[in-house]
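# Structure at a glance
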Amino acid sequence: MTTPRLSVSAAIRDALLTGEPTAKVFAARQVARDWRLGRLDFVFDAAMPDRPAWPEGLELLPPSQMPKRGKMGSERNRIALWHALAHIEFVAIDLALDMAGRFGESMGKAFVADFLAVAADEAMHFALIARKLDSLDSRYGALPAHDGLWSAARDTAHDVAARLAIVPMVLEARGLDVTPATLERVQAQGDENGAKILKRILDDEINHVAAGSKHFHTICAERGENPRESWQNLVKLHFSGGLKGPFNDSARFAGGLPRDFYVPIA
């Protein structure tokens, strides 16, 4: 008797509802692999959860209540930096999975493929940082983390254009701006392994922003909208923080975000 094939939405939902960090890494990478190998049906019969499962005991704080990090000098500050990065990459796994599972039916197979590939990248980034924390005698969940990233997903759950505008084209693009300075600080500490991890993340994030930009432009073409104006309006509507420089213009441009998109509203 043949085993019934799983739908892609059910596989994504299962991964989203996996809370233990190592298990989520494996689940995200397995969904991406199964999709790539044609083992999952393009069927959307499972609803995405309002909130994914995260590790038991992870303390979540509003961004304004997060303890301030120092300048990397002490071991404690180094752990705080890598823990903050671990949390960003962990939530990014769920953001990419939710993108594929929530909007994939209307957006099509190439969209699902792109964002499951992003989820697999984010899972690999998290695994590298988790290993880094382990080398510092710490772990993900040892410190509080902020809950701002998932609120962006909640606020844009109704519209794929809004989700693309905010998650890849604002939040991930911000990573392109701040990662080079962090990389320099890590290198100045003599941490070549840490610098290698950050370089890998930076290179991958350019591709993630590019995937978001590509699909955003496709939607705008279908809706007969000007991409730049539409993006600026969605950012004003859904991103309360406001865009702040300095901007990594070359990396943003490589990711499909030219200066005339973001400079006028920064």
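Residues numbered from 1 in each chain as written. Predicted model: local features only at pLDDT ≥ 70, side-chain atom pairs only at ≥ 80, totals over all residues. Heavy atoms only, no water.

## Quick look at the nonpolar core
Membership of the largest hydrophobic core comes to 81 residues, with the highest contact counts inside it found for Ile-12, Trp-82, Leu-97, Leu-116, Phe-216 and Trp-231. The element best represented in this core is helix α3 (residues 75–107), accounting for 14 residues. (Core = buried A, V, L, I, M, F, W, Y, C linked by side-chain atoms within 4.5 Å. Buried < 20%, exposed > 50% of the residue type's maximum accessible area, 1.4 Å probe, protein only. Helix = DSSP H or I, 4+ residues; strand = E, 2+ residues; numbered from the N terminus.)

## Examining the layout of surface pockets
Of the voids in this model, the second largest pocket is the one considered here, and its volume is about 300 Å³. Secondary-structure elements contributing two or more residues to the lining of the second largest pocket are α2 (21–36) and α4 (109–135). For the lining of the second largest pocket, the residue count by class is ten nonpolar, four polar and five charged. (1 Å grid on protein atoms, 1.4 Å probe; cavity = no way out; pocket = protein on both sides within 12 Å on 5 of 7 lines; lining within 4 Å. Points joined across faces, edges and corners; volume = space filled by probe spheres on them. Nonpolar A, V, L, I, M, F, W, Y, C, P; charged D, E, K, R; others polar.)

## A closer look at the packing of aromatic side chains
Going through the model one piece at a time under the given rule, you end up with eight aromatic pairs. Judged by centre distance (5.3 Å) and plane angle (80 degrees), the rings of Phe-126 and Tyr-140 are edge-to-face. With Phe-126 in helix α4 and Tyr-140 in the loop between α4 and β2 (145–146), this residue pair connects regions lying 14 residues apart in the sequence. Under the relative-accessibility criterion, Phe-126 is labelled buried at 3%. Over the ring of Trp-54 we find Arg-51; its NZ or CZ atom is 4.9 Å from the centre of that ring. Its end group placed over the ring of Tyr-262, Arg-252 keeps NZ or CZ at 4.4 Å from the ring centre. (Phe/Tyr/Trp six-rings, centres within 6.5 Å; stacked < 30°, edge-to-face > 60°. Lys NZ or Arg CZ within 6 Å of the ring centre and 35° of its normal.)

## Notes on the packing of α3 against helix α7 (residues 192–223)
Where α3 contacts α7, the axes come no closer than 13 Å and their chain directions differ by 25 degrees. The orientation of α3 with respect to α7, classified from their angle, is roughly parallel. Regarding α3 and α7, the two cross each other, and that crossing is left-handed. Facing Trp-82, Leu-85, Glu-89 and Met-107 of α3, the residues of α7 in contact are Gly-194, Ile-197, Leu-198, Ile-201, Glu-205, His-215 and Ile-219. For the contact of α3 with α7, the residue count by class is seven nonpolar, two polar and two charged. (Axes fitted to C-alpha atoms, helices over the stretch in contact; angles between N-to-C directions. Parallel < 35°, antiparallel > 145°, perpendicular 65-115°, else oblique. Left-handed = near helix turned anticlockwise from the far one by under 90°. Contact = heavy atoms within 4.5 Å.)

## Let's talk about the pattern of salt bridges
Counting across every chain of the model gives 16 salt bridges. Between Glu-75 and Arg-78 there is a salt bridge, and its shortest N-O distance comes to 2.9 Å. Within this pair, Glu-75 and its partner Arg-78 are both found in helix α3, separated by three residues, close to a single helical turn. Owing to a relative accessible area of 39%, Glu-75 belongs among the partly exposed residues under this scheme. Residues Arg-200 and Asp-204 are paired through a salt bridge, measuring 3.2 Å at the closest nitrogen-oxygen approach. Of the two residues, Arg-200 and Asp-204 both sit in helix α7, four residues apart, roughly one turn of that helix. The buried category is assigned to Asp-204, whose relative accessible area is 10%. A cluster of three or more residues bridged by salt bridges with shared partners is formed by Asp-98, Arg-102 and Arg-163. (Salt bridge = Lys/Arg side-chain N within 4 Å of Asp/Glu carboxyl O.)

## Overview of the side chain of Asn-248
One can find Asn-248 in the loop between α8 (227–238) and α9 (249–254). With relative accessibility at 17%, the residue Asn-248 sits in the buried group. Asn-248 has contacts with Leu-176, Asp-177 and Pro-180, leaving out every residue within four places of it along the chain.

## A closer look at helix α6 (residues 160–188)
Relative to the 42 Å expected for 29 residues at 1.5 Å per residue, α6 spans 41 Å between its end C-alpha atoms, a close match to the ideal helical length. Considering bend angle alone, the principal kink of α6 is centred on Val-178 and spans about 35 degrees; proline Pro-180 follows within four residues of it. For α6, the N-terminal capping position is held by Asp-159, with its side-chain oxygen 3.3 Å away from the main-chain nitrogen of Ala-161. Positive phi shows up at Gly-190, right after α6, with a value of about 80 degrees. (Expected span 1.5 Å × (residues − 1). Bend = angle between axes of the 7 residues up to and from the residue. Polar contact = N/O pair within 3.5 Å; in protein donor to acceptor, adjacent residues only side chain to side chain.)

## Structural notes on the packing of helix α1 (residues 8–16) against α2
For the pair α1 and α2, the least separation of the axes is 9 Å and the interaxial angle reads 165 degrees. One way to sum up the angle between α1 and α2 is to call them roughly antiparallel. Relative to α2, α1 is oriented so that their crossing is left-handed. Listed contacts from α2 to Val-8, Ala-11, Ile-12, Ala-15 and Leu-16 of α1 are Lys-24, Ala-27, Ala-28, Val-31 and Trp-35. For the contact of α1 with α2, the class distribution of residues is nine nonpolar, no polar and one charged.

Just distances and angles here, no functional claims.
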